[in-house]
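Remarks on the overall topology
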Amino acid sequence: MRASDAAYNALQEQILEGHLAPGTVLAEVEQSERLGVSRTPVREALSRLVAAGLATQQRGRGTVVSEISPENIDQLFELRIPLETQAAALAARRCDPTVFSALAAEFSDLPPEAEAEDYYALAARMDAAIDQAVANPYLSGTLANLRIHLTRIRRMARDRPERLQESAAEHRDICLGIASGDPEMAEAAIRLHLRRSLAYIARQRQSEPVSTP
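Residues numbered from 1 in each chain as written. Predicted model: local features only at pLDDT ≥ 70, side-chain atom pairs only at ≥ 80, totals over all residues. Heavy atoms only, no water.

Taking an unreviewed UniProt entry as the reference, the chain is identified by name as GntR family transcriptional regulator belonging to Nesterenkonia sedimenti.

1. Considerations on the packing of helix H4 (residues 70-94) against helix H6 (residues 116-134)
Which entries qualify depends on this criterion: All axes are obtained by fitting lines to C-alpha atoms, using only the stretch in contact for helices, and the reported angles, taken between N-to-C directions, cover 0 to 180 degrees. Here a helix means four or more residues in a row that DSSP labels H or I, a strand means two or more in a row labelled E, and each is numbered from the N terminus. Crossing chirality is assigned from the near helix's rotation relative to the far helix, an anticlockwise turn below a right angle marking it left-handed and a clockwise turn marking it right-handed. The contact definition used throughout considers only heavy atoms, calling two residues in contact when any of these lie within 4.5 Å. Classes in brief: Ala, Val, Leu, Ile, Met, Phe, Trp, Tyr, Cys and Pro nonpolar; Asp, Glu, Lys and Arg charged; the others, Gly included, polar.
At their nearest, the axes of H4 and H6 sit 8 Å apart, and the two run at 65° to each other. Our pair here, H4 against H6, has a crossing hand that is left-handed. Where H4 abuts H6, its residues Ala 87, Leu 90, Ala 91 and Arg 94 lie against Ile 130, Ala 133 and Val 134. Its residues placed into classes, the contact of H4 with H6 shows six nonpolar, no polar and one charged.

2. Overview of the packing of aromatic side chains
Let me state the cut-off plainly: Stacked, tilted and edge-to-face are the three classes assigned to paired rings of Phe, Tyr and Trp, where Trp is represented by its six-membered ring and a pair needs centres within 6.5 Å; plane angles under 30 degrees give stacked, over 60 edge-to-face, the rest tilted. Remark: exposure states derive from per-residue accessible area (1.4 Å probe, protein chains only) relative to the maximum for the residue type, with buried under 20%, exposed over 50%, and partly exposed in between. Whether a charge lies above a ring is judged from NZ of Lys or CZ of Arg, which has to be within 6 Å of the ring centre and within 35 degrees of the ring normal.
Throughout the structure, instances matching the rule amount to two aromatic pairs. Plain terms: the ring middles of Phe 107 and Tyr 119 are 6.5 Å apart, the flat faces sit at 65° to each other, and that makes the pair edge-to-face. Taken together, the residues span a long stretch of sequence, with Phe 107 in helix H5 (residues 97-109) and Tyr 119 in helix H6 at a distance of twelve residues. The two residues Phe 107 and Tyr 119 agree in class, both being buried. Taken together through their ring pairs, the aromatic side chains of Phe 107, Tyr 119 and Tyr 120 make up a single cluster. Between Arg 48 and the ring centre of Tyr 8, over which it is positioned, the NZ or CZ distance is 4.0 Å.

3. A closer look at the UniProt feature "domain: HTH gntR-type" (unreviewed entry) in the chain
As a reminder of what qualifies: UniProt positions are given in the numbering used here, feature names are shortened, and annotations may be inferred rather than shown by experiment.
Sites flagged by UniProt as "domain: HTH gntR-type" (unreviewed entry) map to residues 1-68. Here residues 1-68 is 53% helix and 12% strand, with 30 Å between the C-alpha atoms at its ends.

4. Quick look at helix H3 (residues 39-52)
The condition is simple: How far a helix is expected to stretch is found by multiplying one less than its residue total by 1.5 Å. Picture the helix axis, draw a direction to every C-beta atom, and the arc is the one those directions span.
Taking 1.5 Å of rise per residue, 14 residues should cover 20 Å, and H3 covers 20 Å from first to last C-alpha, within 8% of that figure. For H3, every residue scored as buried is listed here: Pro 41, Val 42, Ala 45, Leu 46, Leu 49 and Ala 52. For H3, the angular spread of the buried residues around the axis is 140°, confining them to a single face. Of the residues one or two after H3, Gly 53 is the one with positive phi, at around 85°.

5. Overview of the confidence of the model for the chain
Counted only if it meets this: The pLDDT score gives, residue by residue, the confidence of the prediction method on a 0 to 100 scale.
Of all residues in the chain, 96% have pLDDT values of 70 or greater, and the mean over the chain is 90. Mean pLDDT values over the elements of the chain span from 86, in helix H7 (residues 137-157), up to 97, in H5. Within the model, the stretch residues 209-213 combines pLDDT values under 50 with ten contacts to residues more than four positions away or in other chains.

6. Section: the pattern of salt bridges
Side chains that carry opposite charge are capable of pairing whenever their charged atoms lie near each other. Put simply, the rule reads: Salt bridges are defined by distance alone: a side-chain nitrogen of Lys or Arg within 4 Å of a carboxyl oxygen of Asp or Glu.
This model, assessed by the stated rule, comprises twelve salt bridges. Across the salt bridge formed by Asp 5 and Arg 48, the nearest N and O atoms sit 2.8 Å from each other. Of this pair, Asp 5 sits in helix H1 (residues 3-16) while Arg 48 is found in helix H3, placing the two residues 43 residues apart along the sequence. Classification of Asp 5 as partly exposed rests on a relative accessible area of 22%. Judged by its relative accessible area of 34%, Arg 48 is partly exposed. Close ionic contact of Glu 170 with Arg 163 constitutes a salt bridge, the shortest N to O distance being 2.9 Å.

7. So, the state of the cysteines
For clarity, the cut-off: Two cysteine sulfurs form a disulfide in these notes if their separation is within 2.5 Å.
Scanning all chains against the criterion turns up zero disulfides. Here Cys 95 stays free of any disulfide, with the sulfur of Cys 175 as its closest cysteine sulfur at 9.7 Å. With relative accessibility at 15%, the residue Cys 95 sits in the buried group.

8. Regarding the packing of H5 against helix H8 (residues 161-179)
Put simply, the test is: Here is the rule for angles: anything less than 35 degrees is roughly parallel, anything more than 145 is roughly antiparallel, 65 through 115 is roughly perpendicular, and the remaining ranges are oblique.
Following both chains from N to C, one finds H5 and H8 inclined at 160°, their axes separated by 8 Å at the closest point. Between H5 and H8, the interaxial angle falls into the category roughly antiparallel. Here H5 and H8 pass one another in a crossing that is left-handed. Where H5 approaches H8, its residues Pro 97, Phe 100, Ser 101, Leu 103, Ala 104, Phe 107 and Ser 108 are matched on the opposing element by Ala 168, His 171, Arg 172, Cys 175, Leu 176, Ile 178 and Ala 179. In terms of residue class, the contact of H5 with H8 is built from ten nonpolar, three polar and one charged.

The following block contains the structure:
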């Protein structure tokens with residue numbers, strides 16, 4: 001792996017995990033020393049972070065981890081809902097139904113005490129299965145970029161156990177809708193999940209702002 005790729009992957013993960021909070025200055029010298037690489041690959045990595053929307057260039061400060069505002073969340077869902085419903089509909093037409101039937105069973109079998117990471121790992125496998133079924137690199141590439149930002153939102157929203165259980169049931173229904181081969185059923189299931197997710201985040205914002213000091 002190239003040094004710039006390693007630096008980018010490390011910085012991206014630290015931003016997504018919240019270890020590098022919004023507003024953190026990403027100075028080339030500091031990051032190169034911290035990551036153990038020269039400044040050139042760090043400079044390339046920072047440019048990629050800016051292109052991905054995970055960082056911004058600010059006058060007088062340099063490269064800074066980007067903020068997430070309520071407006072950003074609404075804008076992401078404005079794009080996410082039509083794209084993901086389209087992907088689910090296409091997957092219903094093109095998929096191997098046994099793949100999604102098996103995923104539905106795994107969501108059903110998730111115990112109430114399951115760790116959040118277990119649920120998210122299974123959800124990521126569902127996303128990958130949809131991407132494979134759709135076989136449209138343009139759609140999958142756009143969704144992949146969206147999912148990066150949604151990971152940050154998810155970390156900040158701090159899903160409660162009861163919401164994770166509800167979400168697992170919603171993902172089960174999405175998989176069943178796709179496995180049925182009925183595009184309208186698949187669209188309806190994923191649209192319901194996305195609207196419930198957005199409503200949950202909105203409630204979390206009211207009780208505890210989705211941001212860091």
